[in-house]
Structure formats: structure tokens, C-alpha cells
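Structure assessment
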Amino acid sequence: MATTTVQVSHIQKLVDQDLEEKLGQNAILQAKQATDDEHAQTLMQALRENRRAVFWSVMISMSIVMEGYDTILIGNFFAYPEFAKKFGEDYGGTTGWQVSAAWQTGLNMASTVGGVFGGLMNGYFASKFGYRWVLIASMGFLNGFIFVVFFAPNAAALVGAQILCGLCWGVFATLSPAYASEVCPTNLRGYLTTFVNLCWAIGQLLASGVLRGCLPIVGEMAYKIPFAIQWLWPLPLMVIAYLAPESPWYLVRTDRLDEAKKSITRLSGDKTDAQIDAQLAMMVHTIRLEAEVTKGATYLDCFRGVDLRRTEICMLAFMGQILSGSSFSYTPTYFFTTAGMETFNAFNLSLGAKGMAFLGTVLSWWLITYFGRRTIYVTGMAILTVVLFIIGILDVSAGPSGLWPSGGLCVFWLFTYSLTIGPIAYSIISETSSVRLRPLSVVLARTAYQLTNIVSQVLYSYMQNPTAWNFKGKSGFFWGGTAFLIFIWAYFRLPEIKGRTYEELDILFANKTPAREFAKSHVDAYHDALSAPAEEHTHTSEK
């Protein structure tokens, strides 16, 4: 049997004393009771006691539907005849109308560049003003930016408009998973952070249906109608954000304990007053513990001490979504058309693929129930690596006759991605980051994702464009290689976080527990306060 030892630091004494000064002598017992209750809860108990938290988490995550809708518009528009005529040029022969590789790169990168800056701004503003008001302001700005997109007269204006919209999408992408992870207990965190990815899949499925429906339209309205549909989201989501309770963790971080208690009450279902007091005590204890382990709450602090490892995990896990080949296989419509597939068939196949993505994301909740985050991520990356290499081999060995089998593999890739890497990355970044630094850590993870995406989109535009490198299916070799590198990293560096409270994760990271020992380690964050004599000691468990 393996023995795992976890050291409980002497700083626990300072944390316990501070908690009792703020909330009374019974606060330690209450905090421990809240932690024990979270571990003992069944899924149905957690849903009953936190049903309002589930509702508001789902509502706030709906902002991701809008981001998911837009992210595949531009990439699919390159295969749109009317869009190519408006923003491209006629290369003659079988090539016909094409948006040049340079403009494809600019249009693909525009919203990503905006997203980088939007995410960084969200990290600052969410820490200062809370999640609700940042979301309301972002939706208001986006409502105006859509006008610029809709009336863009040329490719340069469209690039500028996409950058502006990207500022807001960067906020949505980092705010929603952070909010979901903070309003729900341990048993529900995995489901509601991965629901963010389901919202993404819903948006992309809607976009695929709209794109297929508008394909026969002649003239500029063929691509303008999909843009205009984005106006359906901002106003309702502004109302939802205004009515939603603020994250109690944010309120505790800013030392507004009375407001935090009111927020916990609004987020609760069947919780008693004693349970609400206990939950508040646990939050205060966790924040105070993190404050002792890591001083400061700036972007630089994310790269100091024990938080450096947590930031690495958040950033690499999110970058893995891109390096798994998503630029190539996630929206393969343009790849299919340049490889010779008829346009309507390419969009039909894309619509079916997005349906499989939706199904995969729904089924991911079943995986989360029975398997750990690490297992799902590592296994998913291994499968995606193999699929990408097979697509490359098919292109070399079969040529055009391998197009439909490659299409089927792209659909299978998308299903596997949506079942594993896609949703689970949101859970990993939301749960691995420390509570005090969460808005900043999630933003850094998303920024790493976006910067990787920029490089990926540049490479994809040149790899697939028939006027540039024209790699076609051979791109699978390159993306298979990057996916394999992430698989190696995840196997050795990604810890198992399933079933851990934030306090327990703080202690595991503070003690530099190896990634593959997380699941076997036992931690009692309140042992010192409830044992006599109170002294630094070691907890040992055998499995």
C-alpha cells in the first residue's frame, strides 16, 4: 500500500485565530462542518441545497452561447461564395473567388487579438468591481460593436470591427467559468464549469444551422443576416446579470462579509441559517489561508511561489485545446471545399459535426461523474493525436478519394474533443487556480489560449489556402505532433482535482504534492485547530 504524507503548515494557527476574531469562537467548527458537508453530499443533495446557484450559473454562462456563435462565423465565411466575392478576389480557373491568405489571417486573428486584451481587462475589472457589473458593461459595448460588423464596407473595416467585438468576447470567456466555479459547491463545480463548453457548442450549432440556411441567398444579406442575429443576446443578458447575485467569494475577497452572507442566501436552496454561516466561515478561512501562503493579488503574483505551478497547469491545459488541432478539425468546412468537396455538402457535413459536438458535450457530464479530470484529459488527448495522424496518412496515401473518410474522422475528432478536452479544460482552469487569484489566473489561461490561437490561425490560413501552401489533409501530421506534446505534458504534470475543496487544493499545492499523488493524498485543513496540543504535525493516510 502506498503512503501519502501531507504537511499542514504552521500558518494554520494564524488563519484560525483570524477567523475566530472575525466570526466568533465557533467559526472553526462551522468551517470544518461546511467542508465535511460538501464531501458527504450526494449529487441530488447538492442540487437541492444549491438549486438557485445552479440557475444563476447557467444564466450567466449563456453569454458563452454568443461567443460560440460568432467564433465559427468568420472561418466558415471563407467557404461562403457571397462573402468571398465581397472581401476576396477572383483567382480564375478552379480556384475562383478566394479571400487571400493574408486577409484570412487578419480576419481570423482579429477577434482573438481583441479577446486577449478583453480578457486582461476583465481580470482587473472583475477583481475590482465584481462579475455582474463587468458583464453588464461588456454586453452594452457589444451591442454597439455589432453595428460596426454589420455595416463593414471592406475587409479592413471588418478586421477592426472584429477586434472590438473580441474585447467583449474575451470578457465572457474568462468571466463565465470563474463565476460558475465560485457559486457552486465541490460536487457541482465540474458540471457547471463544463456547462460553459456546452453553451459554446450550442452557439456553434446555431451558427452552423444559420450558415446552412443562408447559403442559397444571393447578395450581401447572405453573410449579413448571420451577423445581425447576434443582436438577440446582449439586452436579455444585461437584465440577467443585473438580477443575478454576486459571487460570495468575490465579496469575501473584498471583506464585505455581510453582503457575502446575503449572496450565499440568494444562491441557496434548502440550506439552513447554520449551513449558511458555516459556508461563510469556510470561505473566510480559505481566503485567509491563501493570503498567508501568497501575498498580493496581481498578475505577477500568479507566477510566484506555489501559484507558479497552478498557473502553468491552467495555461497549458487551455492551450491544449488549440494544440490538439482545433484550428484544423473543429471547423473543417474550408478544408473540405479547398480539397474539392461541393460547398453545400461541406456545410451539411459541418452542421452534422456540430450536432455531434453538442452530443459529446452533453455526454461529458456522464464522464465527469465517474472519472477524474486528469484521466479524461489525458485519454482524450491521446485519441485526438491518433486521429490527426490518420487524417494525414489518408491524404498522402489516398488523395482526393480519401476526402469523405477524412470528413468522417474530423466528425469523430470533434465528438471526442467535445467529450473530453473541450469541456474538461474549463473545469481544470476554474478549479486549479487559487480563489484569491482566480479572476487573474483564468485570464492568464485564456490569454495563453488566445496567443496560441493567433499563431495557429496564421499557420492554418497558409496551410489550407490553395493560393498559399495548400497542405490539405497533410496538416494532420503537424497538429498530431503538437497534440502529442500536450499529451506528454498532461501525463506527467496534470494533477487530479476531482472532489477536492479549494482549501484542500491550497494545502496540496503548498506542499508540492506530485501530480500523480493528488488523488491518493488525505488532507484535513482543520486538524490543528481541533486537536490538542495545537502544534505543527503530519497527517498520513494509507491506500
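Residues numbered from 1 in each chain as written. Predicted model: local features only at pLDDT ≥ 70, side-chain atom pairs only at ≥ 80, totals over all residues. Heavy atoms only, no water.

As recorded in an unreviewed UniProt entry, the protein goes by Sugar transporter-like protein and comes from Chaetomidium leptoderma. Quoted verbatim from the Sequence similarities (unreviewed entry) heading of the UniProt record, the comment on the protein is "Belongs to the major facilitator superfamily. Sugar transporter (TC 2.A.1.1) family." Annotation of the protein in UniProt includes, under Subcellular location (unreviewed entry), the sentence "Membrane". (UniProt positions renumbered as here; feature names shortened; annotations may be inferred.)

Description of unusual backbone geometry
Of note, the phi angle at aspartate 255 is positive, near 60 degrees, even though the residue is not glycine. With respect to the helices and strands, the residue aspartate 255 is situated in the loop between helix 14 (248–253) and helix 15 (257–267). Its relative accessible area of 48% is what places aspartate 255 among the partly exposed residues. Positive phi, normally seen in glycine, also occurs at lysine 512, with a value near 55 degrees. Residue position: lysine 512 is located in the loop between helix 25 (502–510) and helix 26 (527–530). (Helix = DSSP H or I, 4+ residues; strand = E, 2+ residues; numbered from the N terminus. Buried < 20%, exposed > 50% of the residue type's maximum accessible area, 1.4 Å probe, protein only.)

With respect to the packing of aromatic side chains
The relative placement of two aromatic rings is captured by the distance of their centres and the angle of their planes. According to the stated counting rule, one finds 29 aromatic pairs in the structure shown. Here the basic side chain of arginine 374 rests over the ring of tyrosine 491, its NZ or CZ set 5.5 Å away from the ring centre. Sitting over the ring of tyrosine 502, arginine 438 keeps its end group 4.3 Å from the ring centre. (Phe/Tyr/Trp six-rings, centres within 6.5 Å; stacked < 30°, edge-to-face > 60°. Lys NZ or Arg CZ within 6 Å of the ring centre and 35° of its normal.)

A few points about the nonpolar core
One finds Phe77, Tyr80, Phe83, Leu158, Phe172, Phe227 and Tyr377 to be the most contacted residues of the largest nonpolar core, which totals 144 residues. Per-element accounting of this core gives the leading share, 14 residues, to helix 10 (residues 155–183). Excluding residues within four positions of it along the chain, phenylalanine 83 makes contact with Phe77, Phe78, Gly88, Val99, Leu107, Leu158 and Tyr223. Counting residues in each nonpolar core, the second largest holds 5 residues, with Ala34, Ala278, Ala281 and Met282 among its members. (Core = buried A, V, L, I, M, F, W, Y, C linked by side-chain atoms within 4.5 Å. Contact = heavy atoms within 4.5 Å.)

Description of the environment of serine 127
Examined against the element boundaries, serine 127 turns out to sit in helix 8 (residues 101–129). Considered as a pair, serine 127 and proline 439 are 312 residues apart in the sequence and their alpha carbons are 6.4 Å apart. Sequence-distant contacts of serine 127, defined by excluding residues within four places in its chain, comprise Asn122, Tyr250, Thr254, Pro439 and Leu440. At a separation of 2.9 Å, a polar atom in the side chain of serine 127 contacts the main-chain carbonyl oxygen of glycine 123. (Polar contact = N/O pair within 3.5 Å; in protein donor to acceptor, adjacent residues only side chain to side chain.)

Re the environment of isoleucine 72
Within the element layout of this structure, isoleucine 72 appears in the loop between helix 5 (63–71) and helix 6 (73–77). The spacing of isoleucine 72 and alanine 207 is 135 residues in sequence and 7.2 Å in space, taken between C-alpha atoms.

Regarding the pattern of salt bridges
For the coordinates displayed, the defined rule picks out 14 salt bridges. Note that glutamate 67 is salt-bridged to arginine 446, the shortest N-O span being 2.8 Å. Here glutamate 67, found in helix 5, pairs with arginine 446, found in helix 23 (residues 438–464); they are 379 residues apart in sequence, far enough to count as distant. Here glutamate 517 and lysine 520 are joined by a salt bridge, their closest N and O atoms 3.3 Å apart. Its relative accessible area of 24% is what places glutamate 517 among the partly exposed residues. (Salt bridge = Lys/Arg side-chain N within 4 Å of Asp/Glu carboxyl O.)

Quick word on helix 8
If you check helix 8, its first and last C-alpha atoms are 41 Å apart, about what 29 residues at 1.5 Å a residue would give, namely 42 Å. Residue methionine 109 marks the point of greatest curvature in helix 8, where the axis turns by about 35 degrees. Among the residues trailing helix 8, glycine 130 stands out with phi positive, at a value near 90 degrees. (Expected span 1.5 Å × (residues − 1). Bend = angle between axes of the 7 residues up to and from the residue.)

What about the confidence of the model for the protein?
With 87% of its residues at a pLDDT of 70 or more, the protein shows a mean pLDDT of 83. In the predicted structure, residues 1–8 sits below a pLDDT of 50 and forms 35 contacts with residues beyond four places in sequence or in another chain. The low-confidence segment residues 532–543 (pLDDT under 50) makes 36 contacts with residues lying over four places distant or belonging to another chain. (pLDDT = per-residue confidence, 0-100.)

Observations regarding the packing of helix 19 (residues 343–370) against helix 21 (residues 403–419)
The relative placement of two packed helices comes down to the angle between their axes together with the axis-to-axis distance. The contact between helix 19 and helix 21 brings their axes to 6 Å, and the two run at 30 degrees. Considering the angle they form, helix 19 stands roughly parallel to helix 21. The hand of the helix 19/helix 21 crossing is right-handed. In this structure, helix 19 contributes Asn345, Leu349, Ala353, Lys354, Met356, Ala357, Leu359, Gly360, Thr361, Leu363, Ser364 and Leu367 to the contact, and helix 21 contributes Trp404, Gly407, Val411, Leu414, Phe415, Ser418 and Leu419. The residue inventory of the contact of helix 19 with helix 21, partitioned by class, reads 12 nonpolar, 6 polar and 1 charged. (Axes fitted to C-alpha atoms, helices over the stretch in contact; angles between N-to-C directions. Parallel < 35°, antiparallel > 145°, perpendicular 65-115°, else oblique. Left-handed = near helix turned anticlockwise from the far one by under 90°. Nonpolar A, V, L, I, M, F, W, Y, C, P; charged D, E, K, R; others polar.)

Description of the side chain of serine 475
Summarising the element assignment, serine 475 is placed in helix 24 (residues 475–493). Take serine 475: its relative accessible area is 0%, and that puts it in the buried class. Among all residues touching serine 475, those that are not within four sequence positions of it are Phe328, Met463 and Gln464.

Overview of the environment of leucine 508
Of note, leucine 508 is situated in helix 25. For leucine 508, a relative accessible area of 0% gives the class buried. In this structure, the C-alpha to C-alpha distance between leucine 508 and valine 523, residues 15 residues apart in sequence, is 7.8 Å.

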